[in-house]
Amino acid sequence: MKDIKDNIIVVKSTEFAVEIVKACNWLRKEKKEWVMSEQLLKSGTSIGANIREGIRGQSSADFYAKFNVSLKEASETDYWLELLFLSGYFDKTLYDDLNLKCQELIRLLMSIVKHKDTPK
């Protein structure tokens, strides 16, 4: 089995989580925003955590369950990013960068979870 760190979705979700942590730290220090930053921090870092749990899952059902949770967390993260942008906390550049990466994760996760119902 390939090392987990060679898995593209693991790499991208981890990189995204680091950017979310940095953005949330900035929101707290510079904008004194705690509530939405906490929500974003939880959902944005949960994506990768659930992916890793799924990869190490005990069964195919466990794998897909965790990847579906990751997809839900990515969708929630998308919401918080949009809300932070629309409310003026994020400028367009920061929003566009994080949103692009979030949308990429959503597309990857959707591609993976849709194969569960694909006949073999």
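In case you missed it, the structure is sitting above this.
Since the structure is predicted, the reported quantities are computational estimates derived from the model, not experimental observations.

(A) Spotlight on the side chain of serine 37. With respect to the helices, strands and loops of the structure, serine 37 is situated in helix α2 (residues 35-55). A distance of 3.1 Å separates a polar side-chain atom of serine 37 from the backbone oxygen of tryptophan 34. Setting aside anything within four residues of it in sequence, one finds serine 37 in contact with Cys24, Leu27 and Arg28.

(B) Examining the environment of leucine 108 more closely. If you trace the backbone, leucine 108 turns up in helix α4 (residues 92-114). With relative accessibility at 27%, the residue leucine 108 sits in the partly exposed group. Once the C-alpha coordinates of leucine 108 and lysine 32 are considered, the two residues, 76 residues apart in sequence, prove to be 33 Å apart.

(C) Quick peek at the state of the cysteines. The final tally for this structure, using the stated rule, is zero disulfides. No disulfide involves cysteine 24; its sulfur sits 12 Å from that of cysteine 102, the nearest cysteine. Exposure remark for cysteine 24: the relative accessible area of 1% places this residue in the buried category.

Parameters at a glance
- Residues numbered from 1 in each chain as written.
- Predicted model: local features only at pLDDT ≥ 70, side-chain atom pairs only at ≥ 80, totals over all residues.
- Heavy atoms only, no water.
- Helix = DSSP H or I, 4+ residues; strand = E, 2+ residues; numbered from the N terminus.
- Polar contact = N/O pair within 3.5 Å; in protein donor to acceptor, adjacent residues only side chain to side chain.
- Contact = heavy atoms within 4.5 Å.
- Buried < 20%, exposed > 50% of the residue type's maximum accessible area, 1.4 Å probe, protein only.
- Disulfide = S-S within 2.5 Å.

Worth remembering: the numbers are spatial, not functional.
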